Structure formats: structure tokens, C-alpha cells
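These are the residues of each chain, in order.
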Amino acid sequence: MTGSDARRRCRHCGTTLHHTFVDLGMSPLCESFLSAGELDTMEPFYPLHVFVCDSCFLVQLQEYVSPSSIFTEYAYFSSYSDSWLAHARRYTEQMIDRWKLGPDHQVVELASNDGYLLQYFVERGVRSLGIEPAANVAATAVAKGVPTQVSFFGRETARQLVAAGTSADLMIGNNVLAQVPDLSDFVGGMKIALRPGGVITMEFPHLLRLIEGNQFDTIYHEHFSYFSLLTTIRIFAAHNLQLFDVEELPTHGGSLRIYAKHQEDATKPVTERFEMLAAKERELGFDRLDSYTSFRQQVENTKQRLLEFLIAAKREGRSVVGYGAPGKGNTLLNYCGIRTDFLDYTVDRNPYKHGRFTPGTHIPIHPPDKIAETRPDYVLILPWNVKDEIIEQMAHIRGWGGKFVVPIPSVIVY
Ligand SMILES: [Zn+2]
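Quick summary incoming for the structure in this document.

The rules behind the values
- Residues numbered from 1 in each chain as written.
- Predicted model: local features only at pLDDT ≥ 70, side-chain atom pairs only at ≥ 80, totals over all residues.
- Heavy atoms only, no water.
- Helix = DSSP H or I, 4+ residues; strand = E, 2+ residues; numbered from the N terminus.
- Rg over C-alpha atoms; globule rule 2.2 N^0.38 Å.
- Buried < 20%, exposed > 50% of the residue type's maximum accessible area, 1.4 Å probe, protein only.
- Contact = heavy atoms within 4.5 Å.
- Lys, Arg positive; Asp, Glu negative; His and termini not counted.
- Charge placed at Lys NZ, Arg CZ, Asp CG, Glu CD.
- Donors = N, O, S within 2.8 Å, 3.2 Å for Na, K, Ca; no water.
- Tetrahedral: all angles 85-135°; square planar, octahedral: opposite > 155°, others 65-115°.
- 1 Å grid on protein atoms, 1.4 Å probe; cavity = no way out; pocket = protein on both sides within 12 Å on 5 of 7 lines; lining within 4 Å.
- Points joined across faces, edges and corners; volume = space filled by probe spheres on them.
- Nonpolar A, V, L, I, M, F, W, Y, C, P; charged D, E, K, R; others polar.
- Pairing = 2+ DSSP bridges.
- Axes fitted to C-alpha atoms, helices over the stretch in contact; angles between N-to-C directions.
- Parallel < 35°, antiparallel > 145°, perpendicular 65-115°, else oblique.
- Core = buried A, V, L, I, M, F, W, Y, C linked by side-chain atoms within 4.5 Å.
- Expected span 1.5 Å × (residues − 1).
- Arc of directions from axis to C-beta.
- Salt bridge = Lys/Arg side-chain N within 4 Å of Asp/Glu carboxyl O.

Points about the overall build of the protein chain
So, step 1. The helix and strand tally for the protein chain stands at 14 helices and 17 strands.
So, step 2. For the protein chain, the C-alpha radius of gyration of 21 Å lies close to 22 Å, the compact-globule estimate for 414 residues.
So, step 3. Principal-axis analysis of the C-alpha atoms places the extent of the protein chain at approximately 65 × 45 × 40 Å.
So, step 4. Residues counted as buried form 56% of the 414 residues belonging to the protein chain.
So, step 5. Partitioning the intrachain contacts of the protein chain with sequence separation of at least 6 by distance along the chain shows that 70% fall at a separation of at least 24.
So, step 6. Separation of charge centres in the protein chain, based on 40 positive and 48 negative side chains, amounts to 2 Å.

Remarks on the coordination of the zinc ion
So, step 1. Donor atoms from the polypeptide that bind the zinc ion are C10 (SG), C13 (SG), C53 (SG) and C56 (SG), placed at 2.3 Å.
So, step 2. Considering all four donor atoms around the zinc ion, angles at the metal cover 101 to 119° and the coordination shape is tetrahedral.
So, step 3. Binding-site remark: the zinc ion is held by donors from one chain whose sequence spacing is C-x2-C-x39-C-x2-C. Taken together, the residues span a long stretch of sequence, with C10 in the loop between α1 (3-7) and β1 (19-27) and C53 in the loop between β2 (46-52) and β3 (59-61) at a distance of 43 residues. Of the two residues examined, C10 and C53, each falls in the buried class.

Points about empty space enclosed by the protein
So, step 1. Across all of its chains, the model carries one cavity of 30 Å³ or more by this definition.
So, step 2. Quantified by volume, the largest cavity comes out at close to 70 Å³.
So, step 3. What lines the largest cavity is simply A178, F204, P205, H206, L207, L210, T218, H223, S225, Y226 and F227.
So, step 4. If you list the elements that add at least two residues to the lining of the largest cavity, you get β8 (194-205), α8 (207-212) and β9 (225-226).
So, step 5. For the lining of the largest cavity, the residue count by class is seven nonpolar, four polar and no charged.

Some words on the sheet that holds β9
Each strand in a sheet pairs with its neighbour through backbone hydrogen bonds, running either in the same direction (parallel) or in the opposite one (antiparallel).
So, step 1. Pairing is antiparallel in the open sheet, where four strands are placed in the order β1-β2-β3-β9. Two strands bound the open sheet, and with one partner strand each, they are β1 and β9.
So, step 2. As defined by bridge partners, β2 adjoins β3 across three bridges and the pair is classed as antiparallel. Following the sheet pairing, V50 is matched in β3 by L61.

Description of the side chain of Q215
So, step 1. As for its placement among the helices and strands, Q215 is situated in the loop between α8 and β9.
So, step 2. Look at Q215 and you get buried, because its relative accessible area is 5%.
So, step 3. Each residue touching Q215, except ones within four places of it in the same chain, is listed here: R209, L210, H252, G253, W384 and I408.

A few points about the environment of P364
So, step 1. Among the secondary structure elements, P364 is positioned in the loop between β13 (346-347) and β14 (365-366).
So, step 2. When its relative accessible area of 18% is taken as the criterion, P364 is described as buried.
So, step 3. For the pair formed by P364 and A178, sequence separation is 186 residues and the distance between their alpha carbons is 29 Å.
So, step 4. Setting aside residues up to four positions removed in sequence, P364 forms contacts with T340, D344, Y345, T346, R356 and F357.

Section: helix α9 (residues 229-237)
So, step 1. Along α9, the residues classified as buried are L229, L230, T231, T232, I235 and F236.
So, step 2. Lining the buried residues of α9 we find α7 (183-193), β8, β10 (241-249), β11 (255-262) and α10 (272-283).

Brief notes about the packing of helix α11 (residues 295-315) against helix α12 (residues 327-336)
So, step 1. The N-to-C vectors of α11 and α12 enclose an angle of 80°; their axes lie 10 Å apart at closest approach. The pairing of α11 with α12 is recorded here as roughly perpendicular in orientation. Across the interface between the two elements, V299, E300, K303, L306 and L307 of α11 pack against L332, Y335 and C336 of α12.
So, step 2. Residue composition of the contact of α11 with α12, grouped by class: six nonpolar, no polar and two charged.

So, the nonpolar core
So, step 1. Counting 97 residues, the largest nonpolar core has F21, M190, M202, I219, F236 and I371 as its most contacted members.
So, step 2. Looking at this core element by element, the count peaks at seven residues for α11.
So, step 3. Among all residues touching M190, those that are not within four sequence positions of it are L110, F153, M171, I200, M202 and F236.
So, step 4. One finds W84, M95, L170 and Y259 within the second-largest nonpolar core, a separate group that totals 21 residues.

A closer look at α11
So, step 1. In this model α11 runs 31 Å from its N-terminal to its C-terminal C-alpha over 21 residues, within 8% of the 30 Å that 1.5 Å per residue would give.
So, step 2. All of the buried residues in α11 are F295, V299, T302, L306, L307, F309, L310 and A313. Relative to the axis of α11, the buried residues are bounded by an arc of 155° and lie together on one face. Those residues of α11 that are exposed and aimed more than 90 degrees away from the buried face are E308 and R315.

What about the pattern of salt bridges?
So, step 1. Per the counting criterion, the structure on display carries 14 salt bridges.
So, step 2. Of the charged contacts, one joins D82 and R349 as a salt bridge, the two residues approaching to 3.7 Å between their closest N and O atoms. Residue D82 is found in helix α3 (residues 82-98), and its partner R349 is found in the loop between β13 and β14; the two are separated by 267 residues along the sequence.
So, step 3. A cluster of three or more residues bridged by salt bridges with shared partners is formed by R98, D245 and R273.

What follows is the structure in C-alpha cells.
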């Protein structure tokens with residue numbers, strides 16, 4: 001078997017992958033921002049070719065780059081978004097309430113980032129432990145009083161935790177499942193570290209919303225898998241974990257929060273909303289191959305429409321800048337070929353990115369104040385999932401007649 005044959009197998013069931021979901025061409029890693037000194041050097045580009053498995057319907061990207069090279073110094077600090085923090089605080093209150101969590105309970109979060117969520121459990125006196133592979137991000141969490149262990153999670157880490165006396169009453173994984181190359185090792189680890197009677201909650205972007213909302217820019221090398229509820233049920237069941245509840249959330253353009261328990265735990269009935277969403281996915285054909293194959297055309301149309309807008313704006317002598325430098329922005333910019341010929345610069349609230357450049361497209365990143373200095377005609381909002389927050393924060397651009405442009409799900413000027 002050649003290397004490429006070995007890779008082209010389904011991450012969950014091992015079936016050889018034959019069917020393209022979408023092909024976004026070649027792109028650099030979306031979080032590999034460049035310093036000024038790196039602009040004149042070679043940059044690695046990898047394919048963004050997404051397949052769908054014709055056996056279990058897991059939509060997936062091959063592992064072109066190992067997670068250790070992606071996540072050991074990660075530029076994404078969760079705490080820089082106000083709406084995400086509010087979301088984390090609401091979740092904490094909801095869980096403490098529903099599962100009656102107190103000082104005798106243990107919460108474990110996988111990929112706990114900078115402690116953006118566990119800080120609220122710590123505040124309420126619930127024992128908390130974060131597992132986070134990026135050392136620089138974990139250090140921020142520890143500094144704010146959130147116990148955090150620097151490691152990747154899988155069966156081995158789970159066994160070590162249990163041996164050291166830590167197993168979880170509540171195990172949390174937000175926006176991590178998509179980034180796991182070895183799904184079986186990860187979900188198998190959760191099975192090991194979950195206390196009998198414990199609950200797992202995981203949040204991840206919902207494939208249904210990705211397709212309906214045309215969110216192709218949320219596809220990047222760091223996201224190996226794209227989940228429907230039906231496929232997630234199958235993956236957890238393979239490890240004797242049963243999904244029993246689900247919520248649809250507005251975060252990241254439409255996410256699922258799934259609830260799982262040990263198969264043998266009979267104390268948690270399957271909810272009606274869970275049955276309804278599973279039925280809806282079956283109705284929409286998520287267990288049939290043909291419902292995945294039309295996505296491609298939709299994506300190509302969006303690229304054409306965005307470029308039409310930018311070309312027209314530039315021909316009229318208008319200035320266009322970006323707002324935000326999120327990972328998804330880099331997929332969009334690279335796929336559409338948008339560089340400083342269209343966007344003068346972009347801005348971001350995260351100081352880590354200031355003075356750096358977007359990967360592949362080399363667009364300079366400044367602090368948000370830059371926009372008031374240069375008074376551009378259009379501000380292209382790259383993190384469209386928080387567009388309402390940004391439009392409110394940046395309302396002053398109306399003062400000079402500035403307008404906002406949101407590229408996804410379709411190009412709209414506000
Ligand atoms: Zn499969």
C-alpha cells in the first residue's frame with residue numbers, strides 16, 4: 001500500500017475514500033501567521049480536498065500535517081471574543097444546575113485553551129482540570145488559576161488521569177472533535193476517563209449548517225472531520241458511549257452540543273429533541289451519498305460572487321479592508337486569491353497577530369484602531385459568525401459613509 005492509499009481511508013470506518021465533497025485547492029495552514037522576516041521565504045501549501053465516506057458518511061480531510069506541528073504554539077486565544085465568553089458562562093451555569101455539580105465533582109475539559117470556560121467552574125468551586133496541547137495557551141490558563149495539564153488527549157492520557165485518581169463527572173470538549181486525527185483513540189479515551197454516571201458534552205460545527213449556510217471557509221487543515229448527528233451517534237456507539245441529548249447552538253455558524261453517557265447508564269433517557277434532529281437528518285438524506293455531492297457548485301458560485309464585488313469596488317476606486325484574521329478568513333482569502341490587490345490590510349483584537357501577515361495571502365494585520373485612521377469605504381468581515389458584534393463595535397465607520405461586507409453565506413453589503 002502506498003502512502004496516499006493509506007491516507008485515503010475513512011478516519012472512522014477504514015473504507016477507501018472515493019467521493020469529493022469539495023476541493024478548495026492548495027492552502028497554507030490557516031493559523032501560520034507570518035512575521036515580516038518570513039515574507040520572503042517559501043511557505044508550505046497543502047491540499048484542502050475534502051472527501052465523504054460512502055459507508056459511514058463522515059466528511060473528512062486527510063491528515064496532511066501532524067497535529068503536533070499545528071497545535072504546539074497555537075495563535076487562537078478563546079478569551080478574545082466577548083460573545084464566546086458569555087456563551088461559556090451560560091454553559092457553566094446550565095451544567096451546574098442540570099447535573100447538580102458541587103465541590104465533590106470533577107470537571108475535565110479537553111483542549112481547554114486559555115481557561116476561557118473552566119474559569120467559571122473554578123469560580124463556582126467545582127474541581128476542574130484542563131488538558132491542552134499548546135503550551136503557550138495552557139500557561140495563560142494556569143496564570144488565571146485554572147489547573148491545566150499540557151498534553152494531547154487519547155487513551156494513554158486517559159489511563160494516566162484515572163491512575164492518578166482523576167475521572168470526570170462532566171467531560172467537556174468544545175471545538176476539538178473536528179481536530180482529532182485519531183478519532184478512535186480520542187473517543188476511546190473519553191470512555192476510559194468518564195466516571196460511571198458521568199456525562200460528556202461536546203460542541204462542534206454541525207455539518208448540516210455548514211452545507212445549508214455555505215460555510216466552506218470553516219474547512220481547514222486543522223479540521224480533519226465534519227460531523228452530522230447521525231455520524232456522531234455511530235462513532236460514539238463504536239466505543240459503547242450513547243448519545244442521549246443534543247442542542248443546536250448558534251456558535252461558529254451553527255454547532256451541535258451533544259450529550260453522551262456510558263451505554264450501560266440507564267438513568268438518562270433519550271430526549272425528544274434528540275430524536276427529532278436525527279429524524280430531520282435522515283429526511284434530508286444525510287445517510288445517502290447524493291446529498292453530499294452538490295455542495296461543490298454552491299462553493300464555486302460564492303467565489304465568483306465575492307470576486308465580482310471586489311473587482312467592481314476596486315474599479316470604482318473604493319478602498320476595502322478586512323476585519324478579523326480568523327482561521328476561516330485564511331481559507332476564504334486563499335481559495336479566492338484575495339491579497340493586498342483587493343484588501344489593503346485587516347485588523348484583529350488579538351495582539352499576537354499585530355504586525356504579522358496572513359498566511360499565503362500576506363495581508364498585514366493591525367489593531368482595530370487602524371480603521372478609524374484610514375477611513376475605508378468597505379470593511380470585509382471575515383469572522384462572519386460574530387458579524388453582529390463587530391457591526392456594533394465598529395458602528396463609527398458609518399460616520400464617513402463606510403459599509404460592511406459579509407461574504408458568507410452570500411455576499412451582502414450592510
Ligand atoms: Zn467511513
